[in-house]
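Each chain is listed here by its residues.
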Amino acid sequence: MEMDAESTLRNVNEYYGKTLQSSADLKTTACCPVGGVPAAHRAILDRLHPEVTARFYGCGSPIPAHMAGCRVLDLGCGTGRDVFLASALVGPSGSVTGVDMTTEQLDVARRHVDFHAKELLGGAPTNVRLVEGVIESLSDAGIADGSMDVVISNCVCNLSPDKRAVFAGVAAALAPGGEFYFSDIYADTRLSAEAQKHPVLVGECLGGALYFGDFLRTMADAGLGDVRVVSAAPVALTDTSLLPLVPGVSFYSVTIRAFKLAPGVTEPAPEDYGQTATYDGSLDGAADALTLDALHTFPAGVAVPVDGNTAAVLQASRFAPTMTVTAAGRHRGLAGPPGGAEAGWYAAMTKLLPGIFGVPSVAGNGAAAGGGGGCCPPAAVEAAAVPKSGGGCGPPATPEAETAPKKAGGGCCAPAAPEAAAAPKTGGGCRPRAAAEAAAAPKTGGGCRPPASAPVAKAGGGCGNGVATKKGGCCVAISGKN
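Since the structure is predicted, the reported quantities are computational estimates derived from the model, not experimental observations.

K.L.:
Outline the overall build of the chain, listing residues and values.
P.N.:
In terms of helices and strands, the chain carries 12 helices and 13 strands. Sequence separation of at least 24 residues holds for 69% of the intrachain contacts in the chain that already meet a minimum separation of 6.

K.L.:
Tell me about the environment of Ala209, and name the residues and values.
P.N.:
Within the secondary structure layout, Ala209 lies in the loop between helix H9 (199-203) and strand S6 (210-211). Overall, Ala209 belongs to the buried group, its relative accessible area being 8%. Residues Ala209 and Ala187, 22 residues apart in the sequence, show an inter-C-alpha distance of 6.0 Å.

K.L.:
If you had to explain the nonpolar core to someone new, which residues and values would you point to?
P.N.:
Ranked by size, the top nonpolar core spans 33 residues in total, and within it Leu75, Phe180, Phe215, Met219 and Ile256 carry the most contacts. Of all the elements in the fold, those that place two or more residues in this core are strand S1 (71-75), strand S4 (148-154), helix H7 (163-173), strand S5 (174-187), helix H10 (212-221), strand S7 (227-234) and strand S8 (251-259). At five residues, the largest contribution of residues to this core is made by H7. When sequence neighbours within four positions are dropped, the list of residues in contact with Ile256 reads Phe180, Tyr181, Phe182, Tyr186, Phe212, Phe215, Val227, Arg228, Val229 and Val230. Core analysis: the next-biggest nonpolar cluster, separate from the first, contains 25 residues, Leu48, Leu130, Val150 and Ile152 among them.

K.L.:
Go over the sheet that holds strand S12 (residues 303-306), please, and point to the residues and values.
P.N.:
One open sheet holds the three strands; their spatial order is S12-S9-S13, and the pairing between them is antiparallel. Both edges of this open sheet fall to S12 and strand S13 (323-325), since each of them pairs with a single strand only. Here the strands of the sheet are splayed against their neighbours by 30° on average, with no regard to which way each runs. Direction of pairing for strand S9 (residues 275-279) relative to S13: antiparallel, over a ladder of three bridges.

K.L.:
Give me the lowdown on the side chain of Asp226, citing residues and values where you can.
P.N.:
Tracing the sequence through the fold places Asp226 in the loop between H10 and S7. The buried category is assigned to Asp226, whose relative accessible area is 4%. Side-chain polar atoms of Asp226 contact the side chain of Arg228, separated by 2.6 Å.

K.L.:
So what's going on with unusual backbone geometry? Which residues, and what values?
P.N.:
Residue His66 is not a glycine yet carries a positive backbone phi of 60°. Inspection of the secondary structure puts His66 in the loop between helix H3 (50-54) and S1. In this structure His66 comes out as partly exposed when scored by relative accessible area, which is 26%.

K.L.:
Before we move on, could you go through the pattern of salt bridges and cite the residues and values that matter?
P.N.:
Scanning the model with the defined rule gives 11 salt bridges in all. Between Asp82 and Arg81 there is a salt bridge, with the nearest N and O atoms lying 2.7 Å from each other. In this structure, Asp214 engages Arg190 in a salt bridge whose closest nitrogen and oxygen atoms are separated by 2.7 Å. With Asp214 in helix H10 and Arg190 in the loop between S5 and helix H8 (193-197), this residue pair connects regions lying 24 residues apart in the sequence. According to the relative accessible area criterion, Arg190 is exposed, its value standing at 56%.

K.L.:
Can you tell me about the packing of aromatic side chains, naming the residues and giving the values?
P.N.:
Applying the stated criterion across every chain yields a total of eight aromatic pairs. Ring centres of Tyr186 and Phe212 lie 5.4 Å apart, and the angle between their planes is 90°; this geometry places the pair in the edge-to-face category. A residue pair is termed long-range when its members are at least 10 positions apart, and Tyr186 in strand S5 and Phe212 in helix H10 qualify at 26 residues. Measuring from ring centre to ring centre gives 5.5 Å for Phe212 and Phe215, while their planes differ by 45°; the resulting arrangement is tilted. Placement of the pair is Phe212 and Phe215 together in helix H10, with a separation of three residues, close to one helical turn. Its relative accessible area of 3% is what places Phe212 among the buried residues. Judged by relative accessible area, Phe215 falls into the buried class, the value being 0%. Each member of the aromatic cluster is reached from another via a ring pair, and the members are Phe167, Phe180, Phe182, Tyr186, Phe212 and Phe215.

K.L.:
How would you explain the pairing of strand S2 (residues 95-100) if you had to name every residue and give the values?
P.N.:
Counting buried residues along S2, five of its six residues qualify, which places the element largely inside the surrounding structure. Here S1 runs beside S2; their pairing, made up of five bridges, is parallel. The partner of Leu73 across the bridge, within S2, is Thr97. Handedness of the crossover joining S1 and S2 through helix H4 (residues 81-90): right-handed. Sheet analysis places S2 next to strand S3 (residues 128-132), joined by five bridges and oriented parallel. Bridge pairing in S3 places Val96 opposite Val128.

Cut-offs used in this document
Residues numbered from 1 in each chain as written. Predicted model: local features only at pLDDT ≥ 70, side-chain atom pairs only at ≥ 80, totals over all residues. Heavy atoms only, no water. Helix = DSSP H or I, 4+ residues; strand = E, 2+ residues; numbered from the N terminus. Contact = heavy atoms within 4.5 Å. Buried < 20%, exposed > 50% of the residue type's maximum accessible area, 1.4 Å probe, protein only. Core = buried A, V, L, I, M, F, W, Y, C linked by side-chain atoms within 4.5 Å. Pairing = 2+ DSSP bridges. Axes fitted to C-alpha atoms, helices over the stretch in contact; angles between N-to-C directions. Polar contact = N/O pair within 3.5 Å; in protein donor to acceptor, adjacent residues only side chain to side chain. Salt bridge = Lys/Arg side-chain N within 4 Å of Asp/Glu carboxyl O. Phe/Tyr/Trp six-rings, centres within 6.5 Å; stacked < 30°, edge-to-face > 60°. Right-handed = clockwise from strand over helix to strand, strands pointing away.

Structure representation (structure tokens):
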């Protein structure tokens, strides 16, 4: 390992072992969890020891459902928050191994192994194993090839100075059809050498953020080319002194799902062979529908058209017993996302989640979280949840059905059609995106300001053109185009 890599690991170890004492010490929203945590998972998290949860620095909720009996590996497990959650989900017949290089973090997890076995497994012997080691050398940490059904990681891979080794190790550790489900931070452009070495940016999960295109290529080289976006949200760099190090860069917290399939089974782009997949509704907690990623939800008993790669995943993974997939017919060309013919997941996300991928954010560094708001994920493309009083995220709007700003307290703004943009109401809430040539200034009281080319935000909050929000929630992307 080169000296730069060794220095990076030392800095990360120091930052997470000694500098950070709780999540309150963080300088960005990179470690603000993305995506709604399922109710069943929240109930388990409420039972975890408070010392474990107080030092949680994850950036997402990368714990897939339906893992009973699975063998799970957590990369960079820290104090064990996700390890103990997974322990309850896999049950006594499954197992969870956590790997971390930070002694101080592992010591917290080890203190509470017996507590969680009693609390979550009904007194059964613990199914948790904690290992001190580096995620670039999983074999040295005792992880045998093909020994894991699911690998999870929560905002850790970006901290590694050798991501190729991490992804290759994951591919080796997974059994055929196994799943890599993880959250991490990505950038919309490559970072400067200075930013990549800055100790605070690295420790805050931004300095090591890969350009998303480079990430896709690195995953493909490791044999994990079928990459699926589950959820994504912009990241705010709340310490403005760091902004000059990353001028014009937007960061995103993204939850990814990738499967290990035999070489040659999947293709670089989703291709259409006229196949369908029908879910039988047999999984606990998913009697009505099974969601695979941001683009694929399978209502029980409904034959859903799928591309060849998705068909291969459903037949090779742990979901195979629940799915009926039709045989491939003649090739019909690119499948693309619903409503378009673009190839590849990056293109799909750019088209369907324009406020997340491909659009620079306020001040070039994600949507700034203001008072009353927070770090908000985009809602599912098909079904956006209405935010509750006190903040939350507004749903993505369509040209036919634009929604009004939400209740006072803030929250994030969803992308909306340029031809249907209403001004925000007094008191805060979400303001939909508007066309640059038709942007009204926000009213006193806060809320989000739409992208605009000239007007600035008035008193009371909101986001101006290139100005960070004051209060009232997150600001939508400013680019001058949609």
